[in-house]
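# A structural walkthrough
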Amino acid sequence: MLCIVVLCSCFWHAYSQTPASQEASQANTIPPLYATAQRFMSAGDYANAIIVLQQIIQQYPDNQLYQQDLATAYLMRKDYARAEAVINSLLKSKSTTARTYQIAAEIAEGQHEDKKAIRLLNEGIRQFPQQGALYTQLGLLYFNEEKYRPALLSWIKGIQMAPNDPNNYYHAARTYYYTDDKVWTLLYGEIFINLESFSLRTAEIKGILFDTYKRLFASGELSSVPLPVPGSRPANFREAFLQTLAKQVSVIDEGVTPETLTMLRIRFILDWEKLFAADFPFALFDYQADMIRSGVFEAYDQWLFGPAASTAAFREWMNLHAQQLQRFLAYHQQHPLQLPGGQFYNDAQFHFQLNNQQ
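The structure displayed is predicted, hence computed values, not measured ones.

### Some thoughts on empty space enclosed by the protein
Per the stated rule, a full pass over the model turns up 1 cavity of 30 Å³ or more. By volume, the largest cavity amounts to about 80 Å³. Around the largest cavity, the lining residues are L186, L187, E190, Y213, F241, L245, R265, F268, I269, L284, F285 and Q288. Looking at the lining of the largest cavity, the elements that each hand over two or more residues are helix 12 (183–195), helix 14 (237–246), helix 15 (258–275) and helix 16 (283–294).

### Concerning helix 3 (residues 33–42)
Along helix 3, the positions that sit buried rather than exposed are Y34, A37 and M41. Projection of helix 3 onto a plane perpendicular to its axis shows the buried side chains occupying an angular sector of 55°, all on one side. Those residues of helix 3 that are exposed and angled more than 90 degrees off the buried face are R39 and S42. With its phi angle positive at about 80°, G44 sits one or two positions after the end of helix 3.

### A word on the packing of aromatic side chains
Inspection of the entire model under this criterion finds 38 aromatic pairs. Ring geometry for F280 against Y345: centres 5.8 Å apart, planes inclined by 80°, an arrangement best described as edge-to-face. Of the two residues, F280 sits in the loop between helix 15 and helix 16 while Y345 sits in the segment after helix 19 (322–334), which places them 65 residues apart along the sequence. By relative accessible area, F280 is classed as buried at 4%. Above the ring of Y170, the side-chain terminus of R201 is found at 4.3 Å from the ring centroid. Lying over the aromatic face of W303, K206 brings its terminal NZ or CZ to 3.9 Å of the ring centre.

### What about unusual backbone geometry?
A positive phi angle, near 60°, is found at H112, a position not held by glycine. With respect to the helices and strands, the residue H112 is situated in the loop between helix 7 (98–110) and helix 8 (114–127). The class for H112 is exposed, based on a relative accessible area of 73%. Unusually for a residue other than glycine, A348 sits at a positive phi of about 60°. Mapped onto the fold, A348 is located in the segment after helix 19. Overall, A348 belongs to the buried group, its relative accessible area being 19%.

### Section: the nonpolar core
By size, the foremost hydrophobic cluster in this structure holds 107 residues, and its most contacted members are L187, F241, W272 and F285. If you tally residues by element for this core, the top one is helix 12, at 8 residues. Setting aside chain neighbours within four positions, we find F241 in contact with V183, L186, L187, F268, W272 and F285.

### Remarks on the pattern of salt bridges
Oppositely charged side chains can form a pair if their charged atoms are brought close together. Tallying each qualifying case throughout the model produces 17 salt bridges. E145 is the salt-bridge partner of K147, the closest N and O atoms lying 3.2 Å from each other. Close ionic contact of E204 with R174 constitutes a salt bridge, the shortest N to O distance being 2.6 Å. Here the residue E204 occupies a position in helix 13 (residues 200–219), and R174 occupies one in helix 11 (residues 166–176), the gap between them amounting to 30 residues. The exposure class assigned to E204 is partly exposed, which follows from its relative accessible area of 28%.

### As for helix 15
In this model, helix 15 (18 residues) spans 25 Å end to end at C-alpha, consistent with the 26 Å of a helix rising 1.5 Å per residue. Listing the buried residues of helix 15 in full gives P258, T260, L261, T262, L264, R265, F268, I269, D271 and W272. Check the buried side of helix 15 and you find it contacts helix 12, helix 13, helix 14, helix 16 and helix 17 (297–309).

### A look at the environment of P228
Relative to the elements of secondary structure, P228 occurs in the loop between helix 13 and helix 14. P228 sits in the buried class, given a relative accessible area of 12%. A sequence separation of 43 residues divides P228 from D271, and the C-alpha atoms of the two residues are 9.3 Å apart. If we skip the residues at most four places from it in the chain, P228 touches Q243, T244, K247, L275 and F276.

### As for the side chain of Q243
Mapping Q243 onto the fold places it in helix 14. The class of Q243 is buried, set by a relative accessible area of 9%. Non-local contacts of Q243, meaning those with residues more than four positions away in its chain, are made with V225, P226, L227, P228, P234 and F276.

Criteria and thresholds
- Residues numbered from 1 in each chain as written.
- Predicted model: local features only at pLDDT ≥ 70, side-chain atom pairs only at ≥ 80, totals over all residues.
- Heavy atoms only, no water.
- 1 Å grid on protein atoms, 1.4 Å probe; cavity = no way out; pocket = protein on both sides within 12 Å on 5 of 7 lines; lining within 4 Å.
- Points joined across faces, edges and corners; volume = space filled by probe spheres on them.
- Helix = DSSP H or I, 4+ residues; strand = E, 2+ residues; numbered from the N terminus.
- Buried < 20%, exposed > 50% of the residue type's maximum accessible area, 1.4 Å probe, protein only.
- Arc of directions from axis to C-beta.
- Phe/Tyr/Trp six-rings, centres within 6.5 Å; stacked < 30°, edge-to-face > 60°.
- Lys NZ or Arg CZ within 6 Å of the ring centre and 35° of its normal.
- Core = buried A, V, L, I, M, F, W, Y, C linked by side-chain atoms within 4.5 Å.
- Contact = heavy atoms within 4.5 Å.
- Salt bridge = Lys/Arg side-chain N within 4 Å of Asp/Glu carboxyl O.
- Expected span 1.5 Å × (residues − 1).

Here you go:
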């Protein structure tokens, strides 16, 4: 059922899944009647949406967008036979899109043919390797079957191939929370919050992020991490991250709070830029460094950790620092985090643990 929510959102973002030339062509041929179909779909009146879409398709029989929407409407009515008939014709087309594979997989899953759904999504990924939504849906399919390792591996691959898609970060951060590796919950969680900054999912990940920092320092794990040595190069990005973090551990002697995390993270970035930034470029750390230089990092960390640490304390901080918060929010809107390719360092070495309260 989680995947059906993904499909419903795809109805409204269908153009993002089409090639540019097809998108431009469809944009120039959208009939006014299509708005009526959209209204029926958004209201859950799929029977009337089907009636209208059938009329539109008679006028535009080669338009994949309308046929995809028709298949989605049949799917939502659980009329799998008709949905499959529509989508199979699109799968045979040379100009098929990633969304077609998403819908086809949903139809298969609705018929309890999970192996077929997995096959379809993998076919879609082979054709559209940079479409993050396919990895998200494949991971959800595995997750719903309680196959957590392949689910997480799918989301990790989605992060590698589509670095600016927030969905794979969201699911990976939540799932890493239940492994023995806290690093990627911290990094993927913060990246997600910057890509999707004002939603219920954002609030959830803020809580996970703050709790993971507490768990990391409470576990004593950093006490066994060697401190960074100038001129040396750790084996991998993860080691470099932990070494730089371990150097600042004394800052947390008075506990993990938004204020102590701000001090720790500023020192972390200053050391990272001197020691490892050249070997391991990472857009999130560059973004944090820019906020430090722009004077908005303290407000950013309050926004990031304050609600999870203490709602009352964060409310008081906002009352006392309203201008500082507004300055950060303006900066955040004007300078969104952009993630380039080629900054993928995850070796996918992790173990799930039954108790994540370490």
